[in-house]
Every structure is written in structure tokens, then in C-alpha cells.
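# Structure assessment
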Amino acid sequence: PLLATLQYHWLGEVSKGASERLQSSLQAGATRFRQDFNREFIRAYLNFQNNSPAPPDDIAQHHLDRLEAWQRSAPHPQLINSVFVVNYDDQDRPRLNHVNADAKRLEPAEWIGELETLRNRLEKPSGVPLDSFDESIPALIVPIPSLGTKEQPQEDSVRPAGFTVIKLDLNYVQGEFIPALIKRHLFVDANEYNLAVVSIRNPQRTIYSSGSPAADFSSADVSTRIFGLEPDELQAFIRTEGITAGPVQGPTRLLRLNLRYMKGPQSDSATSSGKEDGRWQLLIKHQAGSLAAAVSSVRRRNLAISFGILLLLATGIFMTAISMKRAER
């Protein structure tokens, strides 16, 4: 009985330590996943943003150069499906132009399909910070800064001269990018865990799922926001990639304007409240229902084995005592 009590207590401590280690390891993997996931879209955003005090004279050449640089040097060039440039006519109506890399020019395009939902958000004058990410496309939206006027010297009053719309390849994100990050940072064998990426604004929309579509993620073991801008991640990217923090020839407020648009109103509120920034949520849940349930199942099995061994030992002692009594008689 004493040995059984000690084993029961010891296996409880072992299970508690194992649960904490698994939880910590899974959370660390999810954090690395978020950092690598966000890094590539920060790379795309900064690649196309312009920090000069005014829009480039040749807007088409600027975007062609940036698109060529992306395709040449980006670790995942397939993330970008196509690039569009939005400028405004005399009535401040947004006009859409497609960056044709093959023809090396801007071509007028129609606001059709998923791009049609973006048109109203880009109407002038708005004066409201535009979120840098449009989930319905999905796309990154990069402001093209303007100089502003003497009457509006504040950086919050500077309206963009236009926008660069970076349409992402959702099929590549779902089919190759996310699975590669899962294997690198979380687990090679996905049979032990269910993983999903869902929209925070519309939780019913599943961007990616590695397990059964019917898996319940209402109580995930680990969750973290992705597809956002964390200040430390941006600083780390700028530091490691050797990107300057602002234009030498112009005011640094233009970079801050771009970063404000990059963060968007949702990100500002998340940052001020101390929460993670992101438009999507990464959810991880053990196949057993929860990490605690999986650890508890292992604990019950170990208890059964231990008590079975103790029972066998007790039976052996009992049989030995009977044998000794018989030998004595």
C-alpha cells in the first residue's frame, strides 16, 4: 500500500510536468509559426512600400522593379498572385490598374469579383486609417504617400496619393506555405493534433484545416493570432534584413504613415490592450479532445501498468507465504 501510494503520487507529478512541457513546447512552436508567417507578409509589404516624400514619377516602373525584386529574392515568391495600383481621377474616383510584368506596363483593370468589395473602402475623401489587409480577396494594401499641404502639416492629415494592392495566392498559402510551417515549427506527424486557421472577424470561415472539418476548436489547447504586425517582429525584420528605418531625404513621418496603415485600426486597439495583432487565428487541439485529456489518458495507462505490477508482486508474496506454511507443516 505504501508503494502504491508513492507511485500514484509520483505518476501524478510526472503527468503534471509532462503536461506543462507539452503546453510550453506547443506554445513556443505556435509563436515561431506566427513569426515566420508574419515575416513573409511584412517582407511583401515593405518591398512595395515607397518612403520617398512623394509618389515616384514613373509609378509603373516603380512597381515593375519592386515586383521583379520580389520574384528574384523572396523566399516564397508564389505568395503574390498579382499586383494592382489604385489612383484617382479628377472626381476622386478610384481607378484600378494591373501591373503586367510580361508587357512591362500598367493596364487598366475592372473592379470585378473580390476586388469589387475593395472599391468602396478606397473612395476619397475618407481620412480614416485603412486596414492593410483585405480578407475577402485576400490582399495587402500599401499606401502611396503624398506630401500633404501647409494647411495640413500633421502626419495624420496626410492622405495617400494612391494604393498598391498586393493580391495573395490563397491556394499557395493553404496548400504549401502553411503545411511547410507546420512541419518546421510544430509537428511532422499531424495525426496527433488537429490544427486550423480561421478568420477572427468571421470565425465560421476556415482558411486552413489539417484535421477533421468537424473538429471542435472552441476550446483549443493553443491559439495565437497571425497575419498582423507585431512591433517587435517588424523591428527584428528591419534589423535582420538591413532595411533603413526611414528615408534619408524626407521626413520619417511618411514611414510612420505607412506603418499606421499597415497596422490598421484593429491592430492599434489590439496593441494598446496588450493583445496579439492579427486578422487570422491559429488554433491547435489534441486529437484526444485536449492536451490535458491526452496526458490523463497516458497517466491512467501508467497507473494500470504500475498497479498491475504491484498486484503481481502481492500475489507472489501471498503464494510464497502459503508455500512456507505448507513447508512448515
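It should be noted that the structure appears before, not after, this text.
So, here's what we can say about the structure. (Residues numbered from 1 in each chain as written. Predicted model: local features only at pLDDT ≥ 70, side-chain atom pairs only at ≥ 80, totals over all residues. Heavy atoms only, no water.)

### Focus on the overall build of the protein chain
Rules: In DSSP terms, a helix is any run of H or I states spanning at least four residues, a strand is any run of E spanning at least two, and both are numbered starting from the N terminus. Three labels apply to residues, based on accessible area from a 1.4 Å probe with only protein chains included: buried if under 20% of the type maximum, exposed if over 50%, partly exposed otherwise in between. Whether two residues are in contact is decided by their heavy atoms, any of which lying within 4.5 Å being enough. Per-residue and other accessible areas follow the Shrake-Rupley method at a 1.4 Å probe size, with only the shown protein chains counted as cover for residues.
Scanning the protein chain from terminus to terminus reveals 7 helices and 10 strands. Relative to its 329 residues, the protein chain shows a buried fraction of 42%. The contacts of the protein chain with a sequence gap of at least 6 include a subset with a gap of at least 24, amounting to 71%. Summing over all exposed atoms, the protein chain offers an accessible surface of approximately 17,800 Å²; the carbon and sulfur share of this is 53%.

### What to know about unusual backbone geometry
That bond from Ile137 to Pro138 is cis: its omega, -15 degrees, falls within 30 degrees of zero. Its place among the elements puts Pro138 in the loop between strand S4 (133–134) and strand S5 (139–144).

### Considerations on the nonpolar core
Applicable threshold: In these notes, a set of buried Ala, Val, Leu, Ile, Met, Phe, Trp, Tyr and Cys residues joined through side-chain atoms within 4.5 Å is what counts as a nonpolar core.
If you look at the biggest cluster of nonpolar residues, it comprises 49 residues, and the most contacted ones within it are Phe33, Phe37, Phe41 and Ile284. With 10 residues, helix H1 (residues 2–48) is the single largest residue contributor to this core. Residue contacts for Ile284: discarding those within four places in its chain leaves Leu26, Ala30, Leu186, Phe187, Tyr193, Asn194, Leu195, Ala220, Asp221 and Val222. With 13 residues, the next largest nonpolar core counts Phe84, Leu96, Leu115 and Leu122 among its residues.

### Some points on the pairing of strand S2 (residues 94–100)
Using the following cut-off: Pairing between strands is defined by DSSP: at least two bridges between them are needed.
Within S2, 5 of the 7 residues are buried, which leaves the element mostly enclosed by the surrounding structure. Where strand S1 (residues 80–88) meets S2, 5 bridges bridge the pair, whose relative direction is antiparallel. Along S2, the bridge assignment pairs Phe84 with His98. What sits between S1 and S2 in their antiparallel hairpin is a turn of 5 residues, with Asp92 showing a positive phi close to 60 degrees. Where S2 meets strand S3 (residues 105–108), 4 bridges bridge the pair, whose relative direction is antiparallel. Considered in S3, the bridge of Asn97 is made with Pro108. Linking S2 back to S3 in an antiparallel pair, the connection comprises 4 residues, with Lys104 at a positive phi of about 55 degrees.

### Re the packing of aromatic side chains
Let me state the cut-off plainly: Any Phe, Tyr or Trp ring, taking Trp's six-membered ring, that has another such ring centre within 6.5 Å forms a pair; planes under 30 degrees apart are called stacked, those over 60 apart edge-to-face, and the others tilted.
Taken as a whole, this structure holds 10 aromatic pairs when the rule is applied. With 6.3 Å between their ring centres and 55 degrees between their planes, Phe37 and Trp280 make a pair best called tilted. Taken as a pair, Phe37 in helix H1 and Trp280 in strand S10 (residues 280–286) lie far apart in primary sequence, 243 residues in all. Taking the relative accessible area as the measure of exposure, Trp280 reaches 1% and is therefore buried. Look at Phe41 and Phe227: their rings are 4.4 Å apart centre to centre, the planes differ by 35 degrees, and that puts the pair in the tilted class.

### Examining the pairing of strand S8 (residues 206–209)
Here strand S7 (residues 193–199) pairs with S8 via 3 bridges, running antiparallel. Residue pairing across strands places Val197 opposite Tyr208, the latter belonging to S8. The antiparallel pairing of S7 with S8 creates a hairpin that spans 6 residues between the two strands.

### Some words on the sheet that holds S10
Basically, it comes down to this: Fitting a line to C-alpha atoms yields each axis, with helices limited to the stretch in contact; the angle taken between N-to-C directions then spans 0 to 180 degrees.
Spatially, the 4 strands line up as an open sheet ordered S8-S7-S10-S9, and their pairing is antiparallel. One side of each edge strand has no neighbouring strand; the edge strands of this open sheet are S8 and strand S9 (222–226). Strand-to-strand, the axes of this sheet are offset by a mean angle of 15 degrees, without reference to chain direction. As defined by bridge partners, S7 adjoins S10 across 7 bridges and the pair is classed as antiparallel. Paired with Tyr193 across the strands is His286, a residue of S10.

### Brief notes about the sheet that holds S1
Taken in spatial order, the 6 strands make up an open sheet running S3-S2-S1-S6-S5-S4, and their pairing is antiparallel. Only two strands of the sheet have a single partner each, and these edge strands are S3 and S4. The sheet contact formed by S4 and S5 spans 2 bridges and is antiparallel. Pairing of Phe133 across the sheet is with Leu140, part of S5. Docked against the sheet, H1 engages S1, S5 and strand S6 (162–168), running at close to 30 degrees with respect to S5. Helix-sheet contacts for helix H2 (residues 59–73) involve S1, S2, S3, S5 and S6, and the interaxial angle to S1 is about 160 degrees.

### Digging into the packing of H1 against helix H5 (residues 231–241)
Filter applied, for reference: By definition in this entry, angles of less than 35 degrees are roughly parallel, angles greater than 145 are roughly antiparallel, angles of 65 to 115 are roughly perpendicular, and the rest are oblique. Crossings are classed by handedness, with left-handed meaning an anticlockwise turn of the near helix from the far one by less than a right angle and right-handed meaning a clockwise turn. For this classification, Asp, Glu, Lys and Arg are treated as charged, while Ala, Val, Leu, Ile, Met, Phe, Trp, Tyr, Cys and Pro are nonpolar and the rest, including Gly, are polar.
Here H1 crosses H5 at 65 degrees, and the two axes come no closer than 10 Å. Put simply, H1 runs roughly perpendicular to H5. Once H1 is placed against H5, the crossing between them reads as right-handed. Along its contact with H1, which presents Arg34, Gln35, Asn38, Arg39, Ile42, Arg43 and Leu46, the element H5 presents Glu233, Leu234, Phe237, Ile238 and Glu241. Residues that form the contact of H1 with H5 fall into these classes: 5 nonpolar, 2 polar and 5 charged.

### Notes on the packing of H1 against helix H4 (residues 170–185)
Running from amino to carboxyl end, H1 crosses H4 at an angle of 140 degrees, the nearest separation of the two axes being 9 Å. As summarised for this structure, H1 and H4 are arranged oblique, according to the angle between their axes. Crossing angle aside, the handedness with which H1 passes H4 is right-handed. Listed contacts from H4 to Gly29, Arg32, Phe33, Asp36, Phe37, Glu40 and Phe41 of H1 are Val173, Phe177, Ile178, Leu181, Ile182, Arg184 and His185. Looking at the contact of H1 with H4 residue by residue, the classes come out as 8 nonpolar, 2 polar and 4 charged.

In short, the description is geometric, and any link to function would need to be established separately.
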